[in-house]
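Descriptive analysis of the structure
One letter stands for each residue in the lines below.
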Amino acid sequence: MSTVTDIGTFTVRPLDPLKDAELLHGWVTHPKSAFWMMQDAKLEDVERAYMEIAADEHHHALLGLHDGEPAFLMEKYDPAHRELVGLYEPEPGDVGMHFLVAPTGTPIHGFTRAVITAVMETLFADPATRRVVVEPDVGNKAVHALNAAVGFEVAGEITKPEKTALLSVCTRAAFEEATR
């Protein structure tokens, strides 16, 4: 699946926890990635975390490419089994999502918006996906604005062990309307 925009082509591939760990380590420990909560992670910690995801039938990590070059990380999970268990009432077709744009010294205007759009298109390419559910930190105002721009509606605050999160949901119809 690929998303073609005026700033390039976005594709995703399965993440290789060992081959991609060094790249990811640089991303998740960067100061701009503070909300990813891996600032002090060692390379082995990143390898271990993504090996666990690779072995989990309810959680998947994908490496996002921009014009063929690694540019973002995407995770999808089943919120009935991971992350949000007991924190909201999942519906059939719900898919949880996280994304992280690689830190860069040469930002491209509109890049992060193009990434979240590509992530959402990837998730909705599966006809079984009815809604995408996210739970960013309440303090992450930038991602709240991005989420709203692609059709997410706030469901409310939830308390997770590691943070207070803003649970938000996006239906296929809301995404299509927002990105028309």
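Going by the structure above, here's the rest.
Here the structure is a predicted model, which is why all the values come from computation and not from measurement.

What counts as what
Residues numbered from 1 in each chain as written. Predicted model: local features only at pLDDT ≥ 70, side-chain atom pairs only at ≥ 80, totals over all residues. Heavy atoms only, no water. Helix = DSSP H or I, 4+ residues; strand = E, 2+ residues; numbered from the N terminus. Rg over C-alpha atoms; globule rule 2.2 N^0.38 Å. Buried < 20%, exposed > 50% of the residue type's maximum accessible area, 1.4 Å probe, protein only. Contact = heavy atoms within 4.5 Å. 1 Å grid on protein atoms, 1.4 Å probe; cavity = no way out; pocket = protein on both sides within 12 Å on 5 of 7 lines; lining within 4 Å. Points joined across faces, edges and corners; volume = space filled by probe spheres on them. Nonpolar A, V, L, I, M, F, W, Y, C, P; charged D, E, K, R; others polar. Axes fitted to C-alpha atoms, helices over the stretch in contact; angles between N-to-C directions. Parallel < 35°, antiparallel > 145°, perpendicular 65-115°, else oblique. Left-handed = near helix turned anticlockwise from the far one by under 90°. Pairing = 2+ DSSP bridges.

Right, let's get into the overall build of the chain. The secondary structure content of the chain amounts to five helices and eight strands. When the elements of the chain are put in sequence order from the N terminus, they spell out β-β-α-α-β-β-β-α-β-α-β-β-α. For the chain, the C-alpha radius of gyration of 15 Å lies close to 16 Å, the compact-globule estimate for 180 residues. For the chain, the spread of C-alpha atoms along the principal axes amounts to about 40 × 35 × 30 Å. Split into buried and exposed, the 180 residues of the chain put 46% on the buried side. Considering only contacts in the chain between residues 6 or more positions apart, those separated by 24 or more positions represent 60%.

Over the atoms rolls a probe the size of a water molecule, and its path tells where empty space is left. Approximately 1200 Å³ is the volume found for the largest pocket. Forming the boundary of the largest pocket are 44 residues, of which Ser33, Trp36, Phe99, Leu100 and Val101 lie nearest the centre. Taken together, the elements giving at least two residues each to the lining of the largest pocket come down to α2 (43–54), β3 (59–66), β4 (69–77), β5 (94–101), α3 (111–124) and α4 (141–149). Among the residues making up the lining of the largest pocket, the classes are represented as 24 nonpolar, nine polar and 11 charged. Each pocket or cavity is described by its volume, and for the second largest pocket that value is around 220 Å³. As for the second largest pocket, its lining consists of 15 residues, of which His60, Lys76, Val95, Asp126 and Thr129 are closest to the centre. For the lining of the second largest pocket, the secondary structure elements donating two or more residues are β3, β4 and α3. Here the lining of the second largest pocket gets three residues from one element, more than from any other, and that element is β4. Broken down by class, the residue content of the lining of the second largest pocket amounts to six nonpolar, five polar and four charged.

One can describe the packing of α3 onto α4 by two numbers: an axis separation of 10 Å at closest approach and a directional angle of 55°. Considering the angle they form, α3 stands oblique to α4. Considering only the axes of α3 and α4, their crossing is right-handed. Together, Thr112, Arg113 and Ile116 of α3 and Leu146, Asn147 and Ala149 of α4 make up the contact between the two elements. For the contact of α3 with α4, the residue count by class is three nonpolar, two polar and one charged.

Here eight strands make up an open sheet; going across it, the order is β1-β2-β3-β4-β5-β6-β8-β7 and the pairing mixed. Each edge of the open sheet is held by one strand with a lone partner, namely β1 (2–5) and β7 (153–160). Each strand axis lies, on average, 30° off the axis of its neighbour in the sheet, ignoring direction. As defined by bridge partners, β3 adjoins β4 across eight bridges and the pair is classed as antiparallel. Residue pairing in the sheet places Ala61 in a bridge with Glu75 of β4. The strands touched by helix α1 (residues 21–28) are β3, β4 and β5; relative to β4, the strand with the most contacts, the crossing angle is about 85°. The strands touched by α2 are β3 and β4; relative to β3, the strand with the most contacts, the crossing angle is about 115°.

Any functional reading would require information beyond the geometric quantities listed.
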